[in-house]
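Below, each chain spelled out in residue letters.
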Amino acid sequence: MHLPAPDPASPQAVGPPVRDPEGPRRVTLLELFFDLVYVVALALISRTMVERLDWHSAGQALIMLAAVWWTWAITTLVTDLYDPERTEIKLLISAVMFGALLMTTAIPEAFDDRGSVFAGTYVAIHLGRGLFLMPAVRRQPQTQRRAARIFVWFVVSAVPWLIGAFVSGDARIICWTIALAIDYLGFRLAYPVPGLGVVPETQRNVTAEHLSERYQQFFIIALGDCILTIGTMFSLKHNEAENLAAFAVAFLTTLLLWRIYVHKSGELLPSAIKASESPSRFLFSAPYTHLLMISGVVTTASGFHLVLHEPTGETPPAWLAVILGGPALFLAGRASFEYEVFSRVSWSRPGGILALLTIAPAALYVPPMVTSLGALLVLVAVAYADFRRSHGKPPEIPSPPH
């Protein structure tokens, strides 16, 4: 007779808190609650970037975004590999949430007086997670070695993170860039460690429904930054018609970003993971493609901030880079995402990027609102091309690269 599995929350749930392959695969309410921190983090990053709009501040914003994203991405990996209903994992998620929120409060001053808070919290999150998981899975040597490999790489990256916290200016940017390169490279290489090797293929199993749903949810959070910017920056202190037009353009742009993301590739990501000969390949590619798309959305939100603040006058070059660069970054990431799912890239993705580059010189001589309208029309063309390609045709079957 088949007996039901014990409730993970009950005292009968003993043993390592690893995810049951046959257990529930839906996202838990605690994971959704955890995501709330990142609504604030993305909003602060997009606003910080436009306070002093130059390449220097753009680089700082990218570093902060990459660090914030990595705390979310690795925590999502933990909830995919371990049982998020177990009390131990719930406590771990809550602790990471506390750290991520503390890290978020330091974003406006991360490259000034609060660098030690930003870097120290980042290091504490990743090292603390390893110190928590390794004893928790001690009864499963393979799982413990996986946690140990990841911990070692974060120990190495902690050095430039902490050094960067106590220097300033370009030295901090260089140190933190090196630290992020170590973190991202270690993940991509499956965390090789002398004497332990890389994380074996059998330890890279992913839950298609859970992992894809989490990435979709974070993309919605990024769009929430756009909505928050539109709602908080809109005012009628200038000409009412101009402000309403800028408001409408910003909203429609956000709507199109969502539509282009979900069309086919976003909808079929779970099926694509299942169809792949190596589902773990998505584990190593999804963080990078989604970071690129989210960078585009956050930059677009910064553009909304500029346009809603001053829709008239000529468009300065720095404003132009933000207003058109945001959609271009998104389309570049969306092209990579499409390749993950279908092993091809639709012509509308590079075509949209080329169109944005083409209108850039003329956009220098028109108001910011008109520049934003130009970006909107490019996205309309991309969305229409997607519609035409799939309208009246049978559903496309995912065909991920092998």
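Residues numbered from 1 in each chain as written. Predicted model: local features only at pLDDT ≥ 70, side-chain atom pairs only at ≥ 80, totals over all residues. Heavy atoms only, no water.

Our next topic: the overall build of the chain. Counting its regular elements, the chain contains 12 helices and 0 strands. When the elements of the chain are put in sequence order from the N terminus, they spell out α-α-α-α-α-α-α-α-α-α-α-α. Per-residue burial over the chain gives 54% buried out of 402 residues. The long-range share in the chain, meaning contacts at least 24 apart out of those at least 6 apart in sequence, stands at 81%. If you sum the accessible surface of the chain, you get close to 17600 Å²; carbon and sulfur atoms cover 69% of it. (Helix = DSSP H or I, 4+ residues; strand = E, 2+ residues; numbered from the N terminus. Buried < 20%, exposed > 50% of the residue type's maximum accessible area, 1.4 Å probe, protein only. Contact = heavy atoms within 4.5 Å. Areas by Shrake-Rupley, 256 points an atom, 1.4 Å probe, with all protein chains shown as cover.)

A surface patch of nonpolar side chains, about 530 Å² in accessible area, is lined by I220, I227, F251, L252, L255 and W258. Those elements that place two or more of their residues in the nonpolar patch are α7 (208-233) and α8 (240-275). Among the elements that take part in the nonpolar patch, α8 stands out by supplying 4 residues, more than any other. Within the secondary structure, L255 sits in helix α8. Take L255: its relative accessible area is 41%, and that puts it in the partly exposed class. (Patch = residues over 30% accessible without salt bridge, like charges linked within 9 Å, V, L, I, M, F, W, Y side chains within 5 Å. Salt bridge = Lys/Arg side-chain N within 4 Å of Asp/Glu carboxyl O.)

What follows is about the nonpolar core. The biggest cluster of nonpolar side chains holds 118 residues, and the ones touching the most others in it are Y38, W69, W70, F118, W161 and F330. Examining the composition of this core, we find that 15 residues originate from one element, helix α2 (residues 55-81), more than from any other. Two domains each donate at least three residues to this core, and these are domain 1 (29-203) and domain 2 (208-390). (Core = buried A, V, L, I, M, F, W, Y, C linked by side-chain atoms within 4.5 Å. Domains from an automatic or database assignment.)

Next up on the list: the pattern of salt bridges. With the rule as written, the count across this model stands at 9 salt bridges. Between D225 and R47 there is a salt bridge whose closest N-O contact spans 3.6 Å. Highlighted residues: D225 in helix α7 and R47 in helix α1 (residues 29-51), separated in sequence by 178 residues. Taking relative accessible area as the criterion, D225 reaches 1% and is therefore assigned buried. With a shortest N-O distance of 3.8 Å, E85 and K90 are connected by a salt bridge. A residue is classified by how much of its surface remains accessible, and E85, at 34% relative accessible area, is partly exposed.

To continue, consider the packing of aromatic side chains. The tally for this structure, following the rule as stated, stands at 23 aromatic pairs. Judged by centre distance (4.0 Å) and plane angle (15 degrees), the ring pair of F219 and Y261 falls under stacked. Here Y261 lies in helix α8 and F219 lies in helix α7, a separation of 42 residues in the sequence. Side by side, F219 and Y261 carry an identical accessibility label, which is buried. (Phe/Tyr/Trp six-rings, centres within 6.5 Å; stacked < 30°, edge-to-face > 60°.)

Contact geometry for helix α3 (residues 87-105) and helix α4 (residues 115-136): axes closest at 9 Å, N-to-C directions at 170 degrees. In terms of orientation, α3 and α4 fall into the roughly antiparallel class. Taken together, the residues of α4 that come into contact with α3 (itself represented by E88, I89, L92, V96, G99, A100, L102 and M103) are V117, F118, T121, Y122, I125, R129, F132 and L133. Grouping the amino acids of the contact of α3 with α4 by side-chain chemistry returns 12 nonpolar, 2 polar and 2 charged. (Axes fitted to C-alpha atoms, helices over the stretch in contact; angles between N-to-C directions. Parallel < 35°, antiparallel > 145°, perpendicular 65-115°, else oblique. Nonpolar A, V, L, I, M, F, W, Y, C, P; charged D, E, K, R; others polar.)

Here the focus is α3. Taking 1.5 Å of rise per residue, 19 residues should cover 27 Å, and α3 covers 27 Å from first to last C-alpha, within 8% of that figure. Of all the residues in α3, the buried ones are I89, L92, I93, V96, M97, G99, A100, M103 and T104. On its buried face, α3 sits against α1, α2 and α4. (Expected span 1.5 Å × (residues − 1).)

Its identity is not glycine, yet A190 carries a phi of approximately 65 degrees, on the positive side. With respect to the helices and strands, the residue A190 is situated in the loop between α6 (170-188) and α7. One non-glycine residue, Y191, lies in positive phi territory at about 55 degrees. Considering the arrangement of structural elements, one finds Y191 in the loop between α6 and α7.

With that settled, consider a negative patch on the surface. Together, E51, E109, D112 and D113 give the surface a local cluster of negative charge. Assignment of secondary structure puts D112 in the loop between α3 and α4. Judged by relative accessible area, which is 47%, D112 ranks as partly exposed. (Lys, Arg positive; Asp, Glu negative; His and termini not counted. Charge placed at Lys NZ, Arg CZ, Asp CG, Glu CD.)

This part is about the packing of α2 against α3. Put simply, α2 and α3 touch, their axes get as near as 11 Å, and they point 175 degrees apart. The orientation of α2 with respect to α3, classified from their angle, is roughly antiparallel. Of α3, the residues touching α2 (which contributes A67, V68, T71, T75, V78 and T79) are L92, I93, V96 and M103. Across the contact of α2 with α3, the residue classes break down as 7 nonpolar, 3 polar and no charged.

For the rest of this paragraph, the subject is the side chain of T315. Note that T315 resides in the loop between α9 (280-309) and α10 (317-342). Residue T315 is classed as buried on the basis of its relative accessible area of 2%. Of note is the side chain of T315, whose polar atom sits 3.5 Å from the backbone oxygen of A363. What T315 contacts, discounting residues up to four positions off in sequence, is L320, I323, A363, L364, V366, P367, P368 and T371. (Polar contact = N/O pair within 3.5 Å; in protein donor to acceptor, adjacent residues only side chain to side chain.)

Okay, the confidence of the model for the chain next. When pLDDT is averaged along the chain, the result is 86, and 87% of the positions lie at 70 or above. Note that residues 1-12 has pLDDT below 50 and, in this model, 6 contacts with residues that lie over four places away or in other chains. (pLDDT = per-residue confidence, 0-100.)

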